[in-house]
Amino acid sequence: MQTNCRRKRTAVLISGRGSNMQALVERARVPSFPAEIALVLSNRPEAAGLAFARANDVACAAVDHKIYAGREEFERSMQALLELHRIEIICLAGFMRLLTPSFIGQWQGRMLNIHPALLPAYRGLDTHARALADGVKIHGCTAHFVVPAMDEGPIVAQAAVAVLDGDTPETLAARVLEQEHLIYPAALERLAAGRLRIEGNRVYSDDPEGAPPALRNPEA
Ligand code: GAR
C-alpha cells in the first residue's frame, strides 16, 4: 500500500477576524490535505480568530507586539514558538505587522501571504476603495510568497471578480474574500505537496494544461 507523505506542520499568523485562517483549518481537516494547521499565532491577544482556534482544538498563542522593545525582540519570541511547534510553513492571513528582512529570510520559500487585490496592482491598505475610485472593472486577490518588499513576491494563485455598478468597498470586499478562502488553501496545498517551483518572479506548478474560462466585465 502506498503511504502518504507526512503532512507539513503549518502556522497561520493572524491579527484579527481570521476568516482566511478558518478556511485553511477547514480545508486541512481533510486527511489527504498535505498540510496540518499546527499553530495559530496572533500579534493581538484580543484577535477574534483566536477564539475559533481554541474552540476547534487548534494550538494557538498570542505574541503581543506591544510588550516588546522592537521588531527583532518580537520576532525572536515568534520564532521560538514556531520552533517549539516544529513549524515548516507559515501562512500570513490578515497579519498586519511588517516583518524584518531577517525573519523573512529564515522562511524564504516557506512563507505565503494572502492579499486582497490583483498584485502588483493595489499593494498596501484600502485596496477595495482604491480599486473602486480608479473605476476598474475587475478586481480580486492574490496568494504569493513573502519577500522583504511588502506585497511583492512570486505569485502562486489569483482570483478575479467583476466590479458591479452598485459596489461599495464592503460589498466588493465580501466577494473578494470568498475567493481568498478558495485560493489560499489551494496555494498552501500545492506548496505543502512540493508541487511549486519558483523561477525568478514566476511560480510553476504541475497543474494540467488548459485555461479556465475568462472573466469579462461587462460580458462581451
Ligand atoms: C483579508 O482580506 C486579507 O486579504 C487582508 O486582510 C483580510 C484579513 O481577513 N490582508 C491584507 O490586507 C494584508 N496586506 P481575515 O482576518 O478574515 O482573514
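Residues numbered from 1 in each chain as written. Predicted model: local features only at pLDDT ≥ 70, side-chain atom pairs only at ≥ 80, totals over all residues. Heavy atoms only, no water.

Caption draft 1: Up close: the sheet that holds strand β4 (residues 89-92). With mixed pairing, the seven strands of this open sheet are ordered in space as β3-β2-β1-β4-β5-β6-β7. Only two strands of the sheet have a single neighbouring strand rather than two, namely β3 (60-62) and β7 (155-162). Going across the sheet, the axis of each strand differs from the next one's by a mean of 20°, ignoring polarity. Inspection of the sheet shows β4 paired to strand β5 (residues 111-115) by three bridges, in the parallel sense. (Pairing = 2+ DSSP bridges. Helix = DSSP H or I, 4+ residues; strand = E, 2+ residues; numbered from the N terminus. Axes fitted to C-alpha atoms, helices over the stretch in contact; angles between N-to-C directions.)

Caption draft 2: Here's a closer look at the pairing of β5. Within β5, five of the five residues are buried, which leaves the element mostly enclosed by the surrounding structure. Read from β4 through helix α4 (residues 101-106) to β5, the crossover connection turns out right-handed. Where β5 lies against strand β6 (residues 138-145), four bridges are found, and the strand directions are antiparallel. Across the sheet, Leu112 pairs through a bridge with Phe145, a residue of β6. (Buried < 20%, exposed > 50% of the residue type's maximum accessible area, 1.4 Å probe, protein only. Right-handed = clockwise from strand over helix to strand, strands pointing away.)

Caption draft 3: Spatial organisation of the nonpolar core. Residues Val12, Ile37, Val40, Leu112, Tyr184 and Leu188 are the most contacted members of the largest nonpolar core, which totals 38 residues. With eight residues, the single largest contributor to this core is helix α6 (residues 169-192). Excluding residues that lie within four positions of it along the chain, Tyr184 makes contacts with Asn20, Leu24, Cys91, Leu92, Ala93, Leu112, Asn113, Ile114 and Ala143. Counting residues in hydrophobic clusters, the runner-up holds 20 residues, among them Leu13, Leu39, Leu41 and Leu92. (Core = buried A, V, L, I, M, F, W, Y, C linked by side-chain atoms within 4.5 Å. Contact = heavy atoms within 4.5 Å.)

Caption draft 4: Looking closely at helix α2 (residues 48-55). Taken as a whole, α2 has its buried residues at Gly49, Leu50, Phe52 and Ala53. Relative to the axis of α2, the buried residues are bounded by an arc of 155° and lie together on one face. Away from its buried face by more than 90 degrees, α2 exposes Ala48, Arg54 and Ala55. For α2, the elements touching its buried residues are β1 (8-14), α1 (19-27), β2 (35-42) and β3. Asp57 occupies a position one or two residues after α2 and carries a positive phi of about 55°. (Arc of directions from axis to C-beta.)

Caption draft 5: How the structure looks around unusual backbone geometry. Residue Pro120 is bonded to the preceding Leu119 through a cis peptide linkage, with omega at 10°. With respect to the helices and strands, the residue Pro120 is situated in the loop between β5 and α5 (127-134). The residue after Asn217, namely Pro218, is reached through a cis peptide bond having omega 0°. Here Pro218 lies in the segment after β9 (202-205). In this structure, Asp126 takes a positive phi of about 55° despite not being glycine. Mapped onto the secondary structure, Asp126 falls in the loop between β5 and α5.

Keep in mind that these numbers describe shape and distance, not what the molecule does.
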